[in-house]
Amino acid sequence: MLYFVRSAGYNGYQALVTELGGDPEACLRAAGVDPDSLANPDQLTPYRNFLEALNIAAEATATPHVGLLLSRKQSLSMFGANGFAMMEAPTIREAMENMHRFFHLHITGAQISLNVGLNVANWSFEVLLDNAPPIVQQLDLAAGVGVNIMRQLVDYSWSPASVHMQRSRPADDRPYKQLFRTQVLFGQDEGVITFDRRILDRPIENANQQLFGILNDYLKHQEQKAPTDFVSLVRETIVCALHEGSHSVEAIGHRLAMSPRTLQRRLNAHGSSFKKILAEVRNNIAQQYLMNTSVPLTRIAVLLGYSELAAFSRSFRREFGSSPKDWREQQQYGAELPARILTRAVD
């Protein structure tokens, strides 16, 4: 399975790398990430590339706790509508339940779990990616973001009972103690933030329950639109790539962090092919342009990645049985078209 993270997950990355004396764009490109693609916070990016970007930043800046530092620049707003919904939830418990319910809209490469005992609640984070690159920086980032979230929901003076880190104790653990302001245990079996369970029932100050409901309805709608399988994800990726002028199987494979051969094999396993999906995407976009705009046919051909107008026209005619020009006229003039075409043919 291919895992992804929203581009919002990179919030603060470029600023931090710059502050540490590094070149953020070079780090991103080395990880296979196009810096320009991060402008849209909802753009889906391969999770493996995200992990690589964290590791490369740590190495390039000689900063072994880059993930922890990055967490200082991230907050609930990074999660988009889900983050805003959490701030409007009636209680801390309902806010965290919302985070869990819609977490996959932000990232599918990891999961969070909340286990509530008699006195203590344990909030954990786990990376799902098979054969993942080193995840130390990601675990540091997750722990820091988790504590930041709780401080936003409770108050900024809040601290957990303890923080359990899977990484070995660093040579300098002061940054961890400064951020978490509690006992930090290294070399643990899993990454966990522990806190008093009673905090879960605390009301969130100034929460608007009506707005909470509206945001939740929006999130449910987004959930229905989210890619549910590999073919859908490839289709979404091709749509974005067409807008940027790079839609070859090699380019799409690079965006999805896999070789063209692997991409083709996985699509074949789903009963599809790259050629078929590309044609479907092109035809759909072509129809939208022809039906809803007056963009010249030559420009549409370029936007769809065709080498020339003739290639676009041949492909369109194969699919719809008429030329792009005639199809556009049919949509615009409806029943008038047959007579007009007939008259033109006779002339």
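Every chain's residues receive numbers from 1 upward, in the order its sequence appears when written. At least 70 in pLDDT is required for a residue's local features to be given in this predicted model, at least 80 for side-chain atom pairs to be given and counted, and no such filter applies to totals for whole chains, interfaces and linings, which use all residues. To get the side-chain values, take all heavy atoms of the structure and skip hydrogens and water.

Next up on the list: the overall build of the protein chain. Only DSSP runs of H or I with at least four residues qualify as helices, and only runs of E with at least two residues qualify as strands; both kinds are numbered from the N terminus onward. Counting secondary structure elements, the protein chain contains 17 helices and seven strands. Based on the C-alpha atoms only, the size of the protein chain along its principal axes is roughly 85 × 45 × 40 Å. Throughout this description, buried means an accessible area under 20% of the type-specific maximum (1.4 Å probe, protein chains only), exposed means over 50%, and partly exposed covers the range between. Expressed as a percentage of the 347 residues in the protein chain, the buried residues total 48%. Throughout, a contact is declared for two residues whenever any of their heavy atoms are within 4.5 Å. Sequence separation of 24 or more characterises 65% of the internal contacts of the protein chain that already satisfy a separation of 6 or more. Areas reported here follow the Shrake-Rupley algorithm with a probe of radius 1.4 Å; residue values treat only the protein chains shown as occluding. When the accessible surface of the protein chain is summed, it comes to about 17500 Å², and 49% of that surface belongs to carbon and sulfur atoms. The convention is simple: Lys and Arg are positive, Asp and Glu are negative, and His and the chain ends are not counted. Note that the charge is assigned to NZ on lysines, CZ on arginines, CG on aspartates and CD on glutamates. On the protein chain, the mean spot of the 34 positive side-chain charges and the mean spot of the 35 negative ones are 3 Å from each other.

Pairing is mixed across the open sheet formed by five strands, whose spatial order is S3-S4-S7-S5-S6. Both outer strands of the open sheet, strand S3 (110-116) and strand S6 (183-185), are each paired with one neighbouring strand and no more. Recorded for the sheet is a direction-independent mean angle of 15° between the axes of neighbouring strands. Inspection of the sheet shows S3 paired to strand S4 (residues 120-127) by seven bridges, in the antiparallel sense. Note on S4: the bridge partner recorded for Ser113 is Ser124. Comment: axis = line fitted to C-alpha atoms, over the contacting stretch for helices; angle = value between 0 and 180 degrees taken between N-to-C directions. In the packing of helix H6 (residues 92-102) onto the sheet, contacts are made with S3, S4 and strand S7 (191-196), and the angle to S3 comes to roughly 150°. A pair of strands is considered paired only if DSSP assigns at least 2 bridges between the two.

Glancing now at the side chain of Ser71. Looking at where Ser71 falls in the secondary structure, it is placed in helix H4 (residues 66-71). Here the side chain of Ser71 touches Leu68 through a polar contact of 2.5 Å, landing on its backbone oxygen. Setting aside residues up to four positions removed in sequence, Ser71 forms contacts with Leu141, Gly144, Val145, Asn148 and Leu179. Residues adjacent in sequence count toward polar contacts only when both atoms are side-chain atoms; beyond that, a polar contact is any pair of N or O atoms within 3.5 Å, and within protein one must be able to donate a hydrogen and the other to accept it.

A few words on unusual backbone geometry. Positive phi, normally seen in glycine, also occurs at Arg181, with a value near 55°. Note that Arg181 resides in the loop between helix H8 (174-180) and S6. We note that Asn206 has phi near 65°; this positive angle belongs to a residue other than glycine. Take Asn206: its relative accessible area is 70%, and that puts it in the exposed class.

A separate point is H6. All of the buried residues in H6 are Ile92, Ala95, Met96, Asn98, Met99 and Phe102. Taken around the axis of H6, the buried residues stretch over an arc of 155°, which confines them to a single face. Its buried side turned inward, H6 meets helix H5 (81-87), S3, S4, helix H7 (136-153), S7 and helix H9 (209-225). Relevant arc is that of directions from the helix axis to the C-beta atoms, nothing else.

This brings us to the confidence of the model for the protein chain. Averaged over all residues, the pLDDT of the protein chain equals 88, while 92% of them reach at least 70. Per-residue pLDDT stays below 50 along residues 335-347; that stretch engages in eight contacts with residues further than four places along the chain or on separate chains. Scored from 0 to 100, pLDDT reflects the predictor's confidence in each residue.

On to the nonpolar core, then. Among buried residues, the Ala, Val, Leu, Ile, Met, Phe, Trp, Tyr and Cys ones that are joined through side-chain atoms within 4.5 Å form a nonpolar core. Among the nonpolar cores identified, the biggest contains 70 residues, and Tyr13, Tyr47, Phe180 and Phe195 are the most heavily contacted of them. In terms of residue count, the dominant contributor to this core is H7 (nine residues). With residues near it in sequence (within four places) discarded, Phe180 still touches Leu68, Ala143, Gly144, Val147, Arg151, Ser159, Pro160, Val163 and Met165. Among the nonpolar cores identified, the runner-up in size contains 30 residues, and Phe230, Leu263, Leu267 and Phe312 belong to it.

Let's shift gears to the pattern of salt bridges. Think of a salt bridge as a Lys or Arg side-chain nitrogen and an Asp or Glu carboxyl oxygen that are within 4 Å of each other. Applying the stated criterion to the full structure yields twelve salt bridges. Across the salt bridge formed by Arg93 and Asp201, the nearest N and O atoms sit 3.2 Å from each other. Within this pair, whereas Arg93 is found in helix H6, its partner Asp201 is found in the loop between S7 and H9, the two being separated by 108 residues in sequence. Judged by relative accessible area, which is 23%, Arg93 ranks as partly exposed. It is possible to trace a salt-bridge network through shared partners that takes in Arg169, Asp173 and Lys177.

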